[in-house]
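So the chains spell out like this:
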Amino acid sequence: MGGIAAIVALVLYLTWRVLFTMPSGEWNLTIAWILVTFEALPLAGLILKAWSVWNIDSHPPAPVTEAPNGMRVAVLIPTYNEPIEVLTPTVAAACELAPAHETWVLDDGDRPWVEEMCIAYGARYVRRAVHDHAKAGNMNHALGLMAAEKAAGGPGIDIIAVLDCDHVPLPTFLTATLGWFEDPEIALIQGPQSFYNGGAFDDDGITGEQGTFFNVLMASRNVPDAGPFWCGSTSLLRLSALEEVGGVATETITEDMHTTLKLVRRGWRTVYHHQTLAVGLAPATPDQYLLQRRRWGMGAMQILVHEKLWAAKGWMSWRNYHEYLNGTLWWLEGIATLVAFLIPVVIMLSGAQTSTAGPLLFTGVFLVMFTVRLWGSKQLMRNEIHWPTAFALRIFRVPVGLACLWWLMSRNILEFQVTPKGAADLRLRGRTPRILIVMVVLIAAVILYAAAGLAGLVPWRTTPGSTVASGA
Amino acid sequence: MLAGVVLVLGTRRIRAAEFATSRRNAYRMEVSAPVEAEGAGGELLDISVGGAAVRFPRGTLPASGPVTLRLPEAAPVRLQVIRTTGQPDGTEIASLQAADDDWATYRALSLWIFHTPAGALPDFPPGVPAAASLRGR
């Protein structure tokens, strides 16, 4: 109902704008239509969103006490430079899981203390001679070991569970999910990533910024001919499916999503298990947050280009096509935000009259519409949104969007940058990206100029009502 | 105007002191539970995979050195007293830490936090680990 309310509010507002507030005169009318068109842009997205997340029901299989059909399971924990306090609980908890399985710690940092810990906990310590392709390469090395040992007559591994080194599995991590593999078409089970470090940078007092993604958006993809993508952690994969696509993808820095597309192309299914089964560490500082989001965004651009997603309908269902294409393009949202800042400014400075409504009436109508939209969108997202935090974090997508656009134009080689999960020597506050400082100065200048114009202190050719229409 | 509000919210969050970097590697959870040490009963105040803060009657714990702490429904763990601070109510708060390379203690604390034994935290719903504590947030 929230989604419908938000859509109706925007439609009614746009109807009022078109029928009752359009000015006369060719110049004014042209600019007014540009502004109304700009205001109408969110409508298509709102309708698509309401349709796609209408149903987020989950139907998991019953918990099991053994892996189906005698399958053998290995839990993989790739690690690089994370400290003992981050890695230890993950390895200790993984070794404790039922049913019987192996726990492999893939240490790309070649650290003796990690090997000691593995011996103490009964995990298998794995290191490799060549450290290429970061986490993807690390995992592929482990897959190569598995294949070699099976070829040498060993029992082999059938299912791998992947945990980022800060994601501590809860006791039912395997017993709750292994039942999915009764279906021979399933290659991937992805679970939500939940975080236990309250006060993280994206903590909004609900479930953090990723709560909407994991509790609504991903859950909505458990429909026929669609499914979630691999998010790197809190996941399980069928080894034979991975082998079929040549292992973990190394062509991009978001190897998880890219591998999923390869699986989908080969006809494998992916499913979402909507239950918190592991808890990890969310980025604690602005710099960690920005580093992680930039990597995700630029990796999405790599996938967009590498897989030519705009032409992927030939091998995808409509739902998957919509989700993957929109999901990658979403990382360019920062560019749209930047444009959204500039258009009203330009229109306001143009002096055109864009509304015949008085300032009080316009403000009132706009506020009612905007309030209903915010309320409705929050309902649609099952109350997983905290608007002040969501707005605060949205501005980070401006530098991320710019980085993504720059990569699309330059196609530089990208390096996988691990999100730091430990402490720092100095206590430092976050650094505001330069583009945001520019935007703050620009907006402040425009607001001051508009206010001065309304007060008659500077030349201002439009009406108060139009100023409000552009300025809101 | 909305753009301005969003920008202000965002830049304030970036510069906020609570999101500054920290020298602490282990995340601490505020969890209240009865604990035992040196034959006396005390209270757990917070816990991490590397140690704990506890409150005991003054004089129960040594000013430094090893102590054996028993968490609810768990085997005793060996920790080092780092410091004790006297309180006006006659108790003392002690900071306890696992010794380097004490894998058994790290494991015991980790499992108590994330695979919390049944009955250890009666105020928590069944199956919910101590890591889910919302105290102090």
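No experiment lies behind these values; they were computed from the predicted model shown.

(A) Highlighting the packing of aromatic side chains. Residue and element names in this part refer to chain A. Under the definition given, this model contains 17 aromatic pairs over all chains. With 6.3 Å between their ring centres and 85 degrees between their planes, Tyr-13 and Phe-362 make a pair best called edge-to-face. Taken together, the residues Tyr-13 in helix H1 (residues 2-20) and Phe-362 in helix H13 (residues 359-380) connect sequence positions 349 residues apart. Measuring from ring centre to ring centre gives 4.9 Å for Phe-213 and Phe-214, while their planes differ by 80 degrees; the resulting arrangement is edge-to-face. The class of Phe-214 is buried, set by a relative accessible area of 2%. The cationic tip of Arg-265 hangs over the ring face of Trp-315; the distance from NZ or CZ to the ring centre is 4.0 Å. Positioned above the aromatic ring of Trp-51, the side-chain terminus of Arg-319 is 5.2 Å from the ring centre.

(B) Main features of helix H10 (residues 286-306) of chain A. Counted at 1.5 Å a residue, the expected span for H10(A) with its 21 residues is 30 Å, and the 30 Å between its end C-alpha atoms agrees. Summarising burial for H10(A): 16 of the 21 residues are buried, a large majority.

(C) Region of the structure containing the confidence of the model for chain B. All names here are of chain B. Averaged over chain B, the pLDDT score is 88; the fraction of residues at 70 or greater is 82%. Highest mean pLDDT in chain B belongs to helix H2 (residues 103-114) (97); lowest belongs to helix H1 (residues 2-15) (67). Two numbers describe this predicted complex: its pTM, 0.86, and its ipTM, 0.89.

(D) Quick look at the pattern of salt bridges. Residues and elements named next belong to chain A. Within this structure, the stated rule accounts for 20 salt bridges over all chains. Linking Arg-269 and Asp-183 is a salt bridge whose minimum nitrogen-to-oxygen distance equals 2.6 Å. Separated by 86 residues along the polypeptide, Arg-269 in strand E9 (residues 269-272) and Asp-183 in the loop between strand E5 (168-169) and strand E6 (186-190) bring together distant segments of the chain. Its relative accessible area of 35% is what places Arg-269 among the partly exposed residues.

(E) A look at unusual backbone geometry. Residue and element names in this part refer to chain A. Across the junction of Ala-98 and Pro-99, the peptide omega takes the value 0 degrees, indicating a cis bond. Along the chain, Pro-99 falls in the loop between helix H4 (84-96) and strand E2 (102-107). In this structure, Asp-110 takes a positive phi of about 50 degrees despite not being glycine. Mapped onto the secondary structure, Asp-110 falls in the loop between E2 and helix H5 (112-121). Exposure remark for Asp-110: the relative accessible area of 29% places this residue in the partly exposed category.

(F) Representation of the sheet that holds strand E6 (residues 91-97) of chain B in the model. Reading around the barrel, the six strands line up as E1-E2-E3-E6-E5-E4 (chain B) and close back on themselves, with antiparallel pairing between neighbours. Sheet twist, expressed as the average angle between the axes of neighbouring strands with direction ignored, equals 45 degrees.

(G) Highlighting the pairing of E6(A). Residue and element names in this part refer to chain A. Here E6 lies mainly inside the structure; five of its five residues are buried. Sheet analysis places E6 next to E9, joined by four bridges and oriented parallel. What sits directly across from Ile-186, in E9, is Arg-269. The pairing of E6 with strand E8 (residues 235-238) spans three bridges and is classified as antiparallel. Directly across from Ile-189, in E8, lies its bridge partner Leu-236.

(H) Fine view of the sheet that holds E5(A). Residue and element names in this part refer to chain A. As summarised here, the arrangement of the three strands in space is E5-E10-E7, forming an open sheet in which the pairing is mixed. Strands at the two margins of the open sheet, each flanked by one partner only, are E5 and strand E7 (194-195). Where E7 lies against strand E10 (residues 278-280), two bridges are found, and the strand directions are parallel. The partner of Ser-194 across the bridge, within E10, is Val-279.

Analysis parameters
Residues numbered from 1 in each chain as written. Chains lettered and ligands numbered in written order. Predicted model: local features only at pLDDT ≥ 70, side-chain atom pairs only at ≥ 80, totals over all residues. Heavy atoms only, no water. Phe/Tyr/Trp six-rings, centres within 6.5 Å; stacked < 30°, edge-to-face > 60°. Helix = DSSP H or I, 4+ residues; strand = E, 2+ residues; numbered from the N terminus. Buried < 20%, exposed > 50% of the residue type's maximum accessible area, 1.4 Å probe, protein only. Lys NZ or Arg CZ within 6 Å of the ring centre and 35° of its normal. Expected span 1.5 Å × (residues − 1). pLDDT = per-residue confidence, 0-100. Salt bridge = Lys/Arg side-chain N within 4 Å of Asp/Glu carboxyl O. Pairing = 2+ DSSP bridges. Axes fitted to C-alpha atoms, helices over the stretch in contact; angles between N-to-C directions.

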